[in-house]
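Residue-level listing of the chains:
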Amino acid sequence: MYLLVLFACFVPSIHQASGYVHSSRDSHSPPLPYHSIFNNNKGKTPLVAATYYFNSEPDLKREFIKEAVYADSPDPPEENTNIGPTTIVNDAYCQAADGRKGSCYDAQECVNKGGMPMGRCDSGGTKRDGTVCCLFEVTCGEVASEQYTYFRNPGFPQPSQNSRVCRVRIGKMNKNVCLYRVDMLSLDIAPPNKGNCSQDIFVVSGQNENSVAPKICGMNTGQHYYLGVDESDTVSLHVLMLGIRRRKFDILVTQVPCHSEQTAPANCLQYYTGTHGSIKSFNYDSSAHNPAFEGYPNDIDYSACIRKESGFCSITYELYTDGEKILPFAIGSNYDNGYSLWRSIATDCPDDHLTIGGVRLCSGARPSRSPVMSYSSNDTGSVSSLDLWKPSPFVLNATLDHPTVITDNTPGPFVMRFVSNHANNARGFYLKYRQNPCK
């Protein structure tokens, strides 16, 4: 008799739980993604499996299962009754279990939005009970409108090899977003052919009309863009791939609020902070062994800006060295050897050029006389530390012991402008910079 009573109580409980599982997956809720990843989840829902899988510590496993069950349960546990089912978004970001940036959301809402729960939400050292670090990743044909979105090639980290047009659309998360920062964590597509991106190309569109981004190709891992979006709503990122080739890309799009400390000055495609660092031209790191497939793309015109830090009054640029040699500086039609360890720098530039402090720089012929003079620009500020050569045009001969190119004393932000025309591309530039304290 006792067993019959126990069985009668047990069956309705099973039926009720089963009914909840089905009702929580009705047509009003999108299917839970990533379920195929967790084939051995021992009966846990994909949400529970995800939070369990990405936190290996035993005590965290127990806590995460509780949070995930709460997200899936009609009646939350008593210890979580102070947590409502509304979305919780942190002001900064959380770090997912794989090191990427995510946003804090209630676990179920994260999944409903198409995100991936990847560990407990820990923002600014504060644990957010009942929330997970939600990661958003899109690929060809998908859309997102989150503060942090990763755009990856299909099958990443494996390369994509076939011809296709891969486009994603990134909408603003709210009206208070003025910039998108586009970080090319990995961008390895077909290189230019004599400067023309005729096979593969990376293009962005939909940003402010005057926020122009160049069309690039080749190896651009580590590069970034700032795109103005205060006058637009949705930006499209396109990777156009033609022919059979191994390509890989992983691009992080970060939405930057208006008046944020992270905001870049107007018309600065790239923006750097800190007292020292390095800047290189697009596709400088190409591994092609044919000079025709090296170098920056044709027909680009953009500015890279560096914030003048407090207490610093000037900035000095040097050719990048690896301790044994100077890496090539090659800009314009005078450059004739893709493998030269160094090349003199001229200020008489008929086509492609890099402008720093109002002075145009490009590749020049090897000089035959010793440095005898300095040069000063009265229009945009003084320029010092130039070893210049006679006769005109002025030319710098940088060496391993003296790699300085130019020192810029303009008010700031410090600006470098690079321009290329439709022909005569070359390897490009790779410069180190350091800001100099005010005297």
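For the structure, see preceding data.
Note that residues are indexed from 1 along each chain, following the sequence as it is written. Only residues with pLDDT of 70 or above have their local features reported here, since the model is predicted, and side-chain atom pairs are shown and tallied only from 80 upward, although totals for entire chains, interfaces and linings are computed over all residues. Computation of side-chain values: all heavy atoms of the structure, hydrogens and water removed.

Colleague: So what exactly am I meant to see when it comes to the state of the cysteines here?
Modeller: Disulfide: a covalent bond connecting the sulfur atoms of a pair of cysteines. Two cysteine sulfur atoms make up a disulfide if the distance between them is within 2.5 Å. Applying the stated criterion to the full structure yields 9 disulfides. There is a disulfide in this structure between C94 and C133, and the S-S distance comes to 2.1 Å. Its torsion about the S-S bond being 95 degrees, the disulfide of C94 and C133 is classed as right-handed. Note that C94 is positioned in strand β1 (residues 94-95) and C133 in strand β4 (residues 126-135), a separation of 39 residues in sequence. By relative accessible area, which is 0% here, C133 ends up buried. Paired by a disulfide, C140 and C166 hold their sulfur atoms 2.0 Å apart. What counts as a helix is a DSSP run of H or I of at least four residues, what counts as a strand is a run of E of at least two, and both are numbered from the N terminus. Burial status follows relative accessibility: with a 1.4 Å probe on protein chains alone, a residue under 20% of its type maximum counts as buried, one over 50% as exposed, and anything between as partly exposed.

Colleague: Before we go on, may I ask you to explain the nonpolar core in this structure?
Modeller: Most often, soluble globular proteins keep nonpolar side chains buried together rather than apart. The criterion is simple. A nonpolar core is a set of buried Ala, Val, Leu, Ile, Met, Phe, Trp, Tyr and Cys residues joined through side-chain atoms within 4.5 Å. Formed by 61 residues in total, the largest nonpolar core has its most connected members in F202, Y225, L237, Y317, F429 and L431. A per-element tally of this core places strand β9 (residues 177-188) first, with 5 residues. Excluding its chain neighbours within four sequence positions, the residues that come into contact with L431 are G277, S278, I279, Y317, E318, L319, Y320, F329, L354, I356, V405 and M416. Among the nonpolar cores identified, the runner-up in size contains 11 residues, and C104, C133, L135 and L252 belong to it. Whether two residues touch is decided by their heavy atoms; if any such pair falls within 4.5 Å, the residues are in contact.

Colleague: Please clarify how the sheet that holds strand β6 (residues 143-144) should be interpreted in this entry.
Modeller: Think of a sheet as strands paired side by side through backbone hydrogen bonds, with each pair either parallel or antiparallel. Strand order in this open sheet of 4 strands is β6-β8-β12-β10, and the pairing throughout is mixed. Each edge of the open sheet is held by one strand with a lone partner, namely β6 and β10 (201-205). Only strands that DSSP links by at least two bridges are regarded as paired with each other. Pairing of β6 with strand β8 (residues 164-171) involves 2 bridges; the strand directions are parallel. When the bridges of β8 are listed, V143 appears paired with R169.

Colleague: What's the story with the environment of H238 in this structure? I'm lost.
Modeller: Among the structural elements, H238 can be located in strand β12 (residues 234-241). Through-space distance from the C-alpha of H238 to that of V204 is 6.1 Å; in sequence the pair is 34 residues apart. There is a polar contact of 3.1 Å between the side chain of H238 and the side chain of S205. For the purposes of these results, a polar contact is taken to be a pair of N or O atoms within 3.5 Å, where, inside protein, one atom must be able to donate a hydrogen and its partner to accept one; residues adjacent in sequence count only when each atom of the pair is a side-chain atom.

Distances and angles like these do not, on their own, reveal function.
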